[in-house]
Structure formats: C-alpha cells, structure tokens
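One-letter residues, chain by chain:
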Amino acid sequence: SSIVRRRTIAMKAPQYSIRLAVGVAVSILCVLTVMRNRVWSDPITLWSAATLYAEGMWEPRYALADSLREAGQCAAAVPEYRKVVALRPAHRDGHTNLGICLAETGHLDEAEREFRRALEIDPSYARGYTNLGELYFRLHRLDELSRCVAEGLAFTRERGFSSHAHNLSVHE
C-alpha cells in the first residue's frame, strides 16, 4: 500500500509541475496585460510610449503634441511640435498647432512666425488665416488684421470654405 502510494505521488509530480508552470505563466501574462492596458488608458500615455519606439518618426510626436494640446498642456506640447516641424518642415498643421501653443504660452512673436510659415507652405490654408487673424486681433494690430482677413477671405470664398470664411468675417 505504501509502495502504491509512493508510485501514485511520483506519477502525479510531473502533472503538478506542469500545472504550476502553466499557472505561473498565466499569472505573468495577466500582469503584462494589465500593464499594457495602462499604456492604452489615455492618449498622452499611449503616444508617449509610441515616441520611445519610433524615435525618428514625426507621426507619434504629432499625436502626442495634439493630445497634450487638447488636454490643455500647451507648454508640454511646444517641444513636441518643435520636433515634428524639425522632422517634417513642410507640415503646415504642425506649424499651425505649434503657433497655437506658443500663443497660449505667451510667445506671441514666435506664434506669428509659425502661423506665417504655415501660410508659406500652403497659401490657401484657411485655418492659417483664421489663427493669424486671431493673433492680430489679440495684439490690436488692426491694419495687419484687416490685410490678413482680406487675404483669407479671398482664398476661402474662392474655394468654398464657408465655415472658415465665417470665422474670418467676424473680424472684418
């Protein structure tokens, strides 16, 4: 009877080892899943992680900068937008959003340069005129505001961008 019991225990030992190994593996995978889900829990965390894996790419940096801007963290978004326009100098939205964040953080001269750069890249860019007009309005530079609005309206009406034309005409 004791020999049978020892033999039964010896035969079950590998089964227990396998069950233990499977249990440990499942536990590790559960922990890793929870950790990965935390990365996906909000856009800033997600895109911050993505920038680590895509060092020389502008797309994840742009998404991170946009997420920071949308969360009201323009000061943190500025360096990310600067990296975007360094990696992709002709990215008009990168220049525009950098200008928005620069204006929000009080760097108005730099904001103007970025808005102008966006318009150099695409002279028909209605949003560029809107943002530059807003900046001139804020600075009480009414002559420049008037010229900006006139240029912007000419482009937007010509191309049928009624919402941007309306935004510009508020300043007209």
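Residues numbered from 1 in each chain as written. Predicted model: local features only at pLDDT ≥ 70, side-chain atom pairs only at ≥ 80, totals over all residues. Heavy atoms only, no water.

A. Up close: the nonpolar core. Counting 28 residues, the largest nonpolar core has Y81, L98, C101, A111, F115 and L132 as its most contacted members. Here this core gets six residues from one element, more than from any other, and that element is helix 4 (residues 74-87). (Core = buried A, V, L, I, M, F, W, Y, C linked by side-chain atoms within 4.5 Å. Buried < 20%, exposed > 50% of the residue type's maximum accessible area, 1.4 Å probe, protein only. Helix = DSSP H or I, 4+ residues; strand = E, 2+ residues; numbered from the N terminus.)

B. Structural view of the packing of helix 5 (residues 92-104) against helix 7 (residues 126-138). For the pair helix 5 and helix 7, the least separation of the axes is 10 Å and the interaxial angle reads 20°. Here helix 5 lies roughly parallel to helix 7, going by the angle between them. The element helix 5 and its partner helix 7 pack so that their crossing is left-handed. Contact residues: helix 5 offers D93, T96, N97, I100, A103 and E104, while helix 7 offers R127, N131, L135 and R138. The residue makeup of the contact of helix 5 with helix 7, split by class, is three nonpolar, three polar and four charged. (Axes fitted to C-alpha atoms, helices over the stretch in contact; angles between N-to-C directions. Parallel < 35°, antiparallel > 145°, perpendicular 65-115°, else oblique. Left-handed = near helix turned anticlockwise from the far one by under 90°. Contact = heavy atoms within 4.5 Å. Nonpolar A, V, L, I, M, F, W, Y, C, P; charged D, E, K, R; others polar.)

C. Layout of the packing of aromatic side chains. Inspection of the entire model under this criterion finds two aromatic pairs. Measuring from ring centre to ring centre gives 6.2 Å for W58 and Y62, while their planes differ by 65°; the resulting arrangement is edge-to-face. Of this pair, W58 and Y62 both sit in helix 3 (residues 58-70), four residues apart, which is roughly one turn of the helix. Take W58: its relative accessible area is 21%, and that puts it in the partly exposed class. The exposure class of Y62 is buried, given its relative accessible area of 15%. For the pair Y62 and Y81, a centre-to-centre distance of 6.0 Å together with 65° between the ring planes defines the contact as edge-to-face. A residue pair is termed long-range when its members are at least 10 positions apart, and Y62 in helix 3 and Y81 in helix 4 qualify at 19 residues. You'll find Y62 and Y81 in the same group, each marked buried. (Phe/Tyr/Trp six-rings, centres within 6.5 Å; stacked < 30°, edge-to-face > 60°.)

D. Here's a closer look at helix 2 (residues 43-53). For helix 2, the set of buried residues is L46, A49 and T51. Capping of helix 2 at its N-terminal end is provided by D42; its side-chain oxygen lies 3.2 Å from the backbone amide nitrogen of I44. (Polar contact = N/O pair within 3.5 Å; in protein donor to acceptor, adjacent residues only side chain to side chain.)

E. Summary view of the confidence of the model for the protein chain. With 78% of its residues at a pLDDT of at least 70, the protein chain reaches an overall mean of 84. For the protein chain, the element scoring lowest by mean pLDDT is helix 9 (residues 162-169), at 50; helix 4 scores highest, at 98. (pLDDT = per-residue confidence, 0-100.)

F. Inspection of the environment of A86 at higher detail. Considering the arrangement of structural elements, one finds A86 in helix 4. It is 8.8 Å that separates the C-alpha atoms of A86 and W58, two residues lying 28 residues apart in sequence.

G. Up close: the side chain of D66. Looking at the secondary structure, you find D66 in helix 3. The class for D66 is buried, based on a relative accessible area of 14%. Among residues more than four places away in sequence, those in contact with D66 are Y81 and N97.

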